[in-house]
Amino acid sequence: MAVAVNTMQAAPALAAETHVFAVPAGRLSDALLALAQQAGISIALGDPRLDTLRSRGISGRHDVAEALRRILAGSGYDFVFVDSRTVRLVKRAAAPAIAPRAPRMGAAPAIRPVPVPEVAGPDILVTATKQRLGLADYPASLAVVEPDREELARAGGRGTGYILGKLPELSSTNLGPGRNKIFIRGIADSSFNGTSQSTISQYLGEMRLIYSAPDPDLALHDIARVEVLEGPQGTLYGAGTLGGIIRLVPTPPDPGKTSLEGAFGVRLTQDGAPGGDGALVANLPLARDRLALRAVVYRTVDGGYIDDAARGLRDINRNVMTGFRAALRWQPDAAWTVDVTLAGQDLNSRDGQYTLRGEPDLVRSSAIAQPFDNDYRLAGVTLSRDWGETRLTSATGYARQSIDTVFDATTSASPQIRQYEEDVAVKLLSHETRLSGNWGNGGTWLVGLGLVNNIDRAVRRLGAPGALDTLSNLANTTLDAAAFGEFGIPLRRNVQLTLGGRFSYVRQTSEFMGQGGLDFEPVRRQQRFLPSVALSWKPGAGVLAYGRYQQGYRPGGLQVTGSAADPSADRFVSDRIQTVELGLRFGMEKGARLSGSLSASLARWRNIQADLVAIDGLPYVANIGSGRVGNLAFSLAWRPVDALSLEAAGFLNSSSLSDPAPGFDNISDRDLPNVADQGWRTAAKFVHSLGWADLTLDTAIRHVGRSKLAILSPFALTQGRYYDLSAGGRLSFGRWGLSLDLANILNDRGNTFAFGNPFTVAQGLQQTPMRPRSLRIGVDAQF
């Protein structure tokens with residue numbers, strides 16, 4: 001990270017970049033937040049006096065430095081650039097009370113630049129809060145990752161794996177790209193995929209990505225920020241947010257700048273096939289100061305490293321990801337913004353990535369290939385308007401996802417080759433309109449309406465290859481309509497009470513498809529109210545202490561069983577989670593070299609829904625009982641000198657199925673599945689100018705503790721207990737960069753996931769090793 005400099009001296013190149021701004025008049029803090037969003041920068045807003053000052057706003061084309069000067073005019077504040085994307089505000093030097101000597105003509109006021117830790121501080125507007133709140137104000141656990149362009153170029157097209165590597169509180173299954181389940185803070189229901197709703201929700205900007213589907217694993221090219229709200233988010237986000245939400249914030253189009261960026265890399269894997277990645281990002285103004293298009297296209301090939309002894313094939317688990325994302329931004333005036341988003345990604349895995357104990361290293365034996373395909377499409381439009389301190393946001397999104405899976409169903413009991421196929425088609429329509437603003441001296445308010453309509457159709461077939469018999473062809477439809485609100489009430493100057501609630505109406509149907517004349521459509525209707533309450537206290541500069549109670553739920557469902565001629569419906573009830581949390585964040589003040597957070601939470605989870613597999617390998621859904629999850633987490637960031645930054649984060653989890661349902665009570669180890677008992681990450685980054693180039697060196701090590709695959713034997717298999725050490729560096733030559741990155745330096749074969757095939761998992765031999773040691777050589781450029 002570059003050393004901060006006086007704005008009266010040489011500022012980063014970003015200061016001279018021109019943008020079209022539309023910042024309405026109002027509170028200075030709100031104007032700065034709007035400017036930061038439109039310029040794609042971060043601005044520290046730790047001084048509460050910014051809320052009491054007014055700004056005249058700004059509109060039209062300006063460079064960043066000029067826009068900051070106009071917004072801050074008459075406020076008594078100036079600014080310094082910390083790096084290419086971070087700005088700090090500083091008070092102008094006040095005149096001494098005793099008559100000073102007259103300054104020399106033309107002398108600039110002394111502004112002491114202050115470095116800032118790399119972790120997010122109060123300068124980060126967390127859009128996932130749906131209000132203009134940042135880390136210094138929001139009374140709940142949250143995390144923000146702000147990768148710069150160079151870091152994403154080095155990531156080589158990674159998606160969720162990049163986020164997991166940064167935030168140890170996040171975990172996932174590891175069946176393969178595009179087919180995993182993500183968990184936050186130990187709220188994990190099961191290791192198997194099915195039709196029940198996810199325990200978390202994912203967003204691209206304001207667009208909801210999934211409802212009952214696995215993680216689409218969108219590549220993070222041209223993503224400006226990743227925001228994670230931890231713990232149940234029922235009030236703001238409704239059903240399916242028991243563990244929290246993940247929001248990807250893309251870089252917005254810029255009507256004042258034409259640019260082209262590219263990143264390309266080659267990855268060599270020890271004991272595996274080579275791979276590569278490439279991406280292009282273009283920004284194109286279409287109408288002066290009002291309309292712009294930003295687009296990214298990419299392709300990543302991950303070479304395989306698993307061999308199949310039975311079929312005599314090498315490196316069978318090759319993955320190919322191809323995708324695009326386009327955003328069109330129209331700003332007809334200073335108040336209105338219209339964003340149109342299109343995105344698509346195809347993920348194709350040639351075969352599974354698991355191995356078998358007892359076979360040689362990185363080897364398994366299968367009768368047939370087990371490919372997987374996940375094709376994702378998204379379209380949406382977001383309208384926003386500012387009226388001073390009030391903001392309107394209205395977003396509508398439509399997503400389609402096609403998920404095709406093949407498993408080898410051949411077993412020792414039936415040596416005849418059998419194949420299982422599952423084709424799932426998901427259609428998701430989501431809409432939300434909300435108003436938010438401020439009132440009084442520091443109060444906040446938010447009200448909104450939301451609608452989600454999710455349709456998933458699953459066709460399952462089993463039999464000899466080329467002669468499959470249909471097991472089931474079912475469609476499930478969920479309609480979820482809701483009204484919600486949240487209000488921040490100042491009790492004292494540094495104490496605030498936050499109250500919220502959400503009322504939801506849910507209608508669900510399940511039906512057999514393609515059975516002419518069959519009239520069978522079970523229906524279920526539910527109503528639910530989810531309250532939340534929080535109390536926050538700012539005992540000193542840059543410190544926030546809070547306590548929070550919040551809830552989340554997933555609606556119950558209908559599991560259609562039997563045959564098409566004689567169908568029946570088994571109901572599984574809704575599950576509900578209640579969480580109490582205490583937390584502390586510090587180091588939010590200007591100039592802090594040490595910052596961090598500490599949180600403790602206890603969740604009570606009733607009637608846990610879980611996607612399971614039977615001994616015969618076929619999927620089903622059940623309520624396994626009620627349990628609890630306790631979590632203790634911390635994070636620290638320290639910059640001892642300007643050129644060096646250090647990070648550490650970790651957690652402890654304790655979980656238990658304390659009240660198992662009938663059929664799940666004959667167990668000795670009641671830990672919930674996929675909940676690691678502990679985990680941590682440490683990282684270091686060093687930046688140095690060589691004169692002819694800028695050098696960046698970084699390293700990180702992550703540890704994932706023990707967990708188990710499932711509750712019941714014979715699926716209660718141990719997994720985890722592995723380390724992942726990585727290191728890399730980059731040389732920057734102005735617009736060009738050359739990078740080298742090593743992953744899994746220890747070449748650890750840790751078992752990341754004890755599952756790869758439902759038809760033989762009960763044998764207890766399956767394991768998913770980490771990708772062997774690999775080296776990526778990359779080049780990136782911007783024009």
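First, a word on what this report is: a plain description of the structure on this page. (Residues numbered from 1 in each chain as written. Predicted model: local features only at pLDDT ≥ 70, side-chain atom pairs only at ≥ 80, totals over all residues. Heavy atoms only, no water.)

1. Notes on the side chain of Glu486
Examined against the element boundaries, Glu486 turns out to sit in strand S28 (residues 467–492). Residue Glu486 is classed as buried on the basis of its relative accessible area of 2%. Polar contacts involving the side chain of Glu486 include one to the side chain of Arg548, which spans 3.3 Å. In contact with Glu486, not counting residues within four places along its chain, are Gln131, Tyr138, Thr235, Leu236, Thr444, Trp445, Leu446, Thr498, Leu499, Gly500, Ser532 and Arg548. (Helix = DSSP H or I, 4+ residues; strand = E, 2+ residues; numbered from the N terminus. Buried < 20%, exposed > 50% of the residue type's maximum accessible area, 1.4 Å probe, protein only. Polar contact = N/O pair within 3.5 Å; in protein donor to acceptor, adjacent residues only side chain to side chain. Contact = heavy atoms within 4.5 Å.)

2. A look at the sheet that holds strand S15 (residues 244–250)
The strand order across the open sheet formed by 5 strands is S9-S14-S15-S12-S13, and the pairing between neighbours is mixed. The strands lining the two open edges of the sheet, one partner per strand, are strand S9 (142–145) and strand S13 (207–208). Sheet topology places strand S12 (residues 200–204) next to S13; 2 bridges connect them, and they run antiparallel. The residue of S13 that forms the bridge with Tyr203 is Arg208. (Pairing = 2+ DSSP bridges.)

3. Section: helix H2 (residues 64–72)
Quick reminder: α-helices carry 3.6 residues per turn. Residues three or four places apart thus point the same way. Every buried residue of H2 is listed here: Val64, Ala65, Ala67, Leu68, Ile71 and Leu72. Summarising the axial view, the buried residues of H2 lie within an arc of 160°, below the 170-degree limit, and thus occupy one face. In the stretch just after H2, Gly74 is the one whose phi turns positive, near 80°. (Arc of directions from axis to C-beta.)

4. Quick word on the pattern of salt bridges
A side chain of one charge can pair with a side chain of the opposite charge when the charged atoms of the two come close. For the structure shown, the criterion picks out 40 salt bridges. With a shortest N-O distance of 3.8 Å, Asp611 and Lys181 are connected by a salt bridge. Of this pair, Asp611 sits in strand S36 (residues 609–613) while Lys181 sits in the loop between strand S10 (170–172) and strand S11 (182–184), and the two are 430 residues apart along the sequence. There is no split in this pair, since Asp611 and Lys181 are both buried. The shortest N-O distance in the salt bridge between Asp308 and Arg311 comes to 3.1 Å. Connected through shared salt-bridge partners, Lys130, Glu206, Arg247, Glu432 and Arg434 make up one network. (Salt bridge = Lys/Arg side-chain N within 4 Å of Asp/Glu carboxyl O.)

5. Focus on the environment of Ala282
Residue placement: Ala282 occurs in strand S17 (residues 275–287). Classification of Ala282 as partly exposed rests on a relative accessible area of 32%. Counting along the chain gives 29 residues from Ala282 to Pro253, while the straight-line C-alpha distance between them is 9.3 Å. Contacts of Ala282, omitting those with residues within four sequence positions, involve Ser259, Leu260, Leu293, Arg294 and Ala295.

6. Some points on unusual backbone geometry
Pro714 follows Ser713 through a cis peptide bond whose omega is 10°. With respect to the helices and strands, the residue Pro714 is situated in the loop between strand S41 (694–708) and strand S42 (718–733). The backbone of Asp315 sits at a positive phi, close to 50°, despite the residue not being glycine. If you trace the backbone, Asp315 turns up in the loop between strand S19 (307–308) and strand S20 (319–330).

7. What to know about the environment of Ser212
Looking at the secondary structure, you find Ser212 in the loop between S13 and strand S14 (223–230). Distance in space between the C-alpha atoms of Ser212 and Thr195 is 5.9 Å, their sequence separation being 17 residues. Apart from residues no more than four positions distant in its own chain, Ser212 is found in contact with Gly194, Thr195, Ser196, Gln197, Ser198, Asn454 and Asp456. Among the polar contacts made by the side chain of Ser212, one reaches the side chain of Asn454 at a distance of 3.2 Å. For Ser212, the side chain forms a polar contact with the side chain of Asp456, separated by 3.3 Å.

8. Overview of helix H1 (residues 28–39)
Over its 12 residues, H1 extends 16 Å from the first C-alpha to the last, a length consistent with the 16 Å expected when each residue adds 1.5 Å. With respect to burial, H1 is a largely interior element, 11 of its 12 residues being buried. Immediately beyond the C-terminal end of H1, within one or two residues, lies Gly40, with a positive phi of roughly 70°. (Expected span 1.5 Å × (residues − 1).)

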